[in-house]
Amino acid sequence: MAQRNHFPSDIATVLLAVSSLVNLMNGLKSEEITMEEFLRRHELDSKSILVSVKIPDWDRIMSISLGTKMKLLFETYRVAPRPLGNALPYLNATLMAKISRCASSNGMVVGDCRFAFGAYGTKHAIRATKVEEFLTGKVPSVDVLYEAVKLLRSIVVLDDDTSYLAYRSSLAAGFLFEFFSHLVEGNAESPNGYVNGYSTLMSPARHLDHGKVSTLLTSGKQEVELNKQYHPVGEPIAKSGAVIQASGEVVYVDDIPSPTNCLHGAFIFSTKPLARVKGIELKPKSVADGVNAVISFKDILGENLGIKTGFGPEPLFADDFTRCTGQYIALLI
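Residues numbered from 1 in each chain as written. Predicted model: local features only at pLDDT ≥ 70, side-chain atom pairs only at ≥ 80, totals over all residues. Heavy atoms only, no water.

### Description of the pairing of strand β2 (residues 29–34)
Inspection of the sheet shows strand β1 (residues 21–26) paired to β2 by 6 bridges, in the antiparallel sense. In the strand pairing of β2, L21 is matched with T34. (Pairing = 2+ DSSP bridges. Helix = DSSP H or I, 4+ residues; strand = E, 2+ residues; numbered from the N terminus.)

### Re the sheet that holds β1
One open sheet accounts for 3 strands, arranged β2-β1-β3; its pairing is antiparallel. At either end of the open sheet lies a strand with only one pairing partner, and these are β2 and β3 (48–54). Across the sheet, the mean angle separating the axes of adjacent strands is 25° when strand polarity is ignored. Of the pairings in the sheet, the one linking β1 to β3 comprises 6 bridges and is antiparallel in character. If you follow V22 over to β3, its bridge partner there is V53. (Axes fitted to C-alpha atoms, helices over the stretch in contact; angles between N-to-C directions.)

### What to know about the packing of aromatic side chains
The full count for this structure, using the stated rule, is 10 aromatic pairs. On the basis of an interplanar angle of 15° and a centroid distance of 4.8 Å, the ring pair of Y77 and F175 is categorised as stacked. Of the two residues, Y77 is situated in strand β4 (residues 71–79) and F175 in helix α6 (residues 165–180); the sequence distance between them amounts to 98 residues. In terms of burial, Y77 and F175 fall into one category: buried. Geometrically, the ring pair formed by F115 and F180 is edge-to-face, given 6.0 Å between the ring centres and 85° between the ring planes. (Phe/Tyr/Trp six-rings, centres within 6.5 Å; stacked < 30°, edge-to-face > 60°. Buried < 20%, exposed > 50% of the residue type's maximum accessible area, 1.4 Å probe, protein only.)

Spatial relationships are all this shows, so hold off on functional conclusions.
See the structure below:
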């Protein structure tokens, strides 16, 4: 679906970032291509079959690199209208990078990295290769991330008719910053001269040794001033009558026994729209207890008015003509 129907697939973005290989078969011919090549191709014809998708064993690949004390960072991101539901995402991303200690400083050096972004209005997920090449071999800092974000904004370009254009563009930049934020040195300064606010306790060496990735925002507080003008709106107030209803002590109309000689009423509805009412004929078997009265528009003293709306007044009972199916013709007592 991601390749043929341009479906904003989350799985396709992950497979693209981890350098998956796609095995195709057309007749007796077999072909193995990268996921990136597969997504760029035209849709498969009726003779082609997608046999398998091969995901590299990154645990084995990283075990070979243990001598260099490398660590693999891997994160997936997704933002949708209903995060816990099945809504299509505004943007999804998969970011992966190898990091190792820098020999000349206390920071971390970014090695091989792969960044994939999708579901932002494009036909399929893409690799941000220029950002990957820019960050490879660099020590993450505020300056470096600032330039990387600017470069990413020039790659993840949305069409003008894309919904939530500015929001989706900001998500891509936010994902990249969050991915590398814990590796930024605490005393680095932004290009505008503002201190970035990191603590020296958030040193990259601690994350590498203990394997704990901390985020920039560790706590937050929000104060909301309530307006007493609309009190008690917004207050948790118990529903009136909730206790007596929950206890079963409340008396409903159906629980009240009918008094002696009690009369019951039922409306007679029209079964036809725009029909002439010639008369009302009752079947004797349908009213075994007898009929006390039949009330129609002729029995109303004054105006035959049922309700007034913005579209005009509506009669209580149909007169000589019915206006619609289901209109009241009379009340049977």
